[in-house]
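Topology and contacts: notes
Residues per chain are reported as follows:
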Amino acid sequence: MNQRLLIDMTKLRSAMVENSDLKLPEGYFYQTSNANGLKTIRELAIFRYTCRKCEDAPCIAVCPADALEKDEDGIINRYTNLCISCKSCVTICPFGTMMTDFFRHHRNKDLFYDLNDKKELELFIDACPPGTVSLVESDENPGENIYRLNDKVLIKDYLYTTE
Ligand code: SF4
Ligand code: SF4
């Protein structure tokens, strides 16, 4: 079986709470389906799994640049070419869904890793806080809150549900 990257969003969030100066490395695949601009795995995962998919999405309404929209599955997509980094969406989101560092225009390029490259993949894992990111040979397992973001990436997070 192919190896997949398992990213534990709960541990990543804890690591950021424990150290507010923490600079998380960013991993990206250029080939992901909705990767307009330099869209990172963390952003894709948060909009897919952490976001509560509000029916009237205040984040979309407040955005002055029309940079946010919902896809047919109700998942928010941010157009990085339109976003002006005002962070209004971060402020208005009632659930604190977004991590503000998505919205920096001038991000530290040393922290970006192209995960299609085996060497950069290893460097990315080493640069992440211990225990947050690993390579596994398993597949998604909703019983353990592990979901498939794409063929190469598994995300561990707690899904919001009203059931
Ligand atoms: S940070 Fe970007 S996406 Fe968010 S409200 Fe501002 S322009 Fe829109
Ligand atoms: S306001 Fe927050 S939780 Fe609601 S759709 Fe927007 S990002 Fe998701």
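Right above here is the structure, for reference.
The rules behind each value
Residues numbered from 1 in each chain as written. Chains lettered and ligands numbered in written order. Predicted model: local features only at pLDDT ≥ 70, side-chain atom pairs only at ≥ 80, totals over all residues. Helix = DSSP H or I, 4+ residues; strand = E, 2+ residues; numbered from the N terminus. Buried ≥ 20, exposed ≤ 12 C-beta atoms within 10 Å, placed from the backbone. Contact = placed C-beta atoms within 7 Å. Core = buried A, V, L, I, M, F, W, Y, C linked by C-beta atoms within 7 Å. Pairing = 2+ DSSP bridges. Near = placed C-beta within 6 Å. Nonpolar A, V, L, I, M, F, W, Y, C, P; charged D, E, K, R; others polar. Axes fitted to C-alpha atoms, helices over the stretch in contact; angles between N-to-C directions.

Observations regarding the overall build of the protein chain
Helix and strand counts for the protein chain come out as five helices and eight strands. From first element to last, N terminus to C terminus, the protein chain shows the α and β order β-α-β-α-α-β-β-α-β-α-β-β-β. Per-residue burial over the protein chain gives 25% buried out of 163 residues. Put simply, of all contacts in the protein chain between residues at least 6 apart along the chain, 60% involve residues at least 24 apart.

Side note on the nonpolar core
Counting residues in each nonpolar core, the largest one holds 28 residues, and the members touching the most others are L5, I7, I41, A45, V153 and I155. Counting only elements with at least two residues in this core, the list comes to strand 1 (4-8), helix 1 (9-18), helix 2 (41-50) and strand 8 (153-156). The element best represented in this core is helix 2, accounting for five residues. Each residue touching A45, except ones within four places of it in the same chain, is listed here: I7, M9, L149, I155 and D157.

Re the pairing of strand 1
Within strand 1, four of the five residues are buried, leaving the element largely enclosed by the surrounding structure. Sheet analysis places strand 1 next to strand 6 (residues 133-136), joined by four bridges and oriented antiparallel. What sits directly across from L6, in strand 6, is S134. Both strand 1 and strand 8 contribute to a ladder of four bridges, which runs parallel.

Description of the site of ligand 2
The environment of ligand 2 is formed by C51, R52, K53, C54, A57, P58, C59, I76, C93, F95 and T97. A per-class count over the shell around ligand 2 returns eight nonpolar, one polar and two charged.

Quick notes on unusual backbone geometry
Positive phi is not limited to glycine here, since K87 has a value of about 70°. In this fold, K87 is placed in the loop between strand 4 (76-78) and helix 4 (88-92). Here K87 falls in the partly exposed class, since 14 other C-beta atoms lie within 10 Å of it. With phi around 60°, N145 is a residue other than glycine that occupies positive phi space. On the basis of neighbour counts, which here come to 16 C-beta atoms within 10 Å, the residue N145 falls in the partly exposed class.

Here we look at the site of ligand 1
In the vicinity of ligand 1, 14 residues are found, and the nearest of them are C63, C83, C86, S88 and C89. Class assignment for the residues of the shell around ligand 1 results in ten nonpolar, two polar and two charged.

Some details on the sheet that holds strand 1
The strand order across the open sheet formed by four strands is 6-1-8-7, and the pairing between neighbours is mixed. Only two strands of the sheet have a single partner each, and these edge strands are strand 6 and strand 7 (146-150). Ignoring which end each strand starts from, the neighbouring axes of this sheet average 30° apart. In this fold helix 1 packs onto strand 1 and strand 8, with an angle of close to 45° to the strand it touches most, strand 1.

Some thoughts on the pairing of strand 7
In terms of strand pairing, strand 7 meets strand 8 through four bridges, oriented antiparallel. Across the sheet, R148 pairs through a bridge with L154, a residue of strand 8. Two successive antiparallel strands, strand 7 and strand 8, enclose a turn made up of two residues.

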